[in-house]
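# Observations on the model geometry
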Amino acid sequence: MIKFLAATVVLFGATSGAWAASISNAGSSAVVLTVVEDGNRTEVAIDAGASETICPSGCFLTLPNGDRIGLEGGETVEIKDGAATVK
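The structure presented is a predicted model; accordingly, all values stated were derived computationally and were not measured.

Analysis parameters
- Residues numbered from 1 in each chain as written.
- Predicted model: local features only at pLDDT ≥ 70, side-chain atom pairs only at ≥ 80, totals over all residues.
- Heavy atoms only, no water.
- Pairing = 2+ DSSP bridges.
- Helix = DSSP H or I, 4+ residues; strand = E, 2+ residues; numbered from the N terminus.
- Axes fitted to C-alpha atoms, helices over the stretch in contact; angles between N-to-C directions.
- Phe/Tyr/Trp six-rings, centres within 6.5 Å; stacked < 30°, edge-to-face > 60°.
- Lys NZ or Arg CZ within 6 Å of the ring centre and 35° of its normal.
- Core = buried A, V, L, I, M, F, W, Y, C linked by side-chain atoms within 4.5 Å.
- Buried < 20%, exposed > 50% of the residue type's maximum accessible area, 1.4 Å probe, protein only.
- Contact = heavy atoms within 4.5 Å.

The antiparallel open sheet is built from four strands, whose spatial order is 3-2-5-6. Here the strands that pair on one side only, and so sit at the sheet edges, are strand 3 (40-46) and strand 6 (68-71). The mean angle between the axes of side-by-side strands here comes to 25°, regardless of whether they run parallel or antiparallel. Note that strand 2 (residues 31-37) and strand 5 (residues 59-62) share three bridges and pair antiparallel. Within strand 5, the residue paired with V35 across the bridge is L61.

Here is the structure:
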């Protein structure tokens, strides 16, 4: 029984990030996003050409152009010239 519980915990931990949003910066300069998740506000900097995985339990993003979008997790977001395309 203990082995089953341990395997379940490991499996859950390995898959919990699968529902996080993937954010890619397709622009030519770094961007800073404001992320509000579970009431906590943080800033995430993403270099040009880089990607980050964020928001495993959903969040709100404020983009460099001032747009605000809600994510549930699992989305792929591409940022270019301060605007986002959500897939």
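Don't stop here, the text continues.
Quick look at the packing of aromatic side chains now. Counted under the stated rule, the structure contains zero aromatic pairs. Directly above the ring of F60 sits R68, whose terminal nitrogen or CZ lies 4.6 Å from the centroid.

The next point concerns the nonpolar core. Within the largest apolar cluster, 16 residues are counted, with the highest numbers of intra-cluster contacts made by I23, V35, C55, L61, L71 and I79. When residues in this core are grouped by element, the largest group, three residues, is from strand 2. If near-sequence neighbours (up to four positions away) are discounted, L71 is found in contact with A21, I23, C55, G58, C59, L61 and V77.

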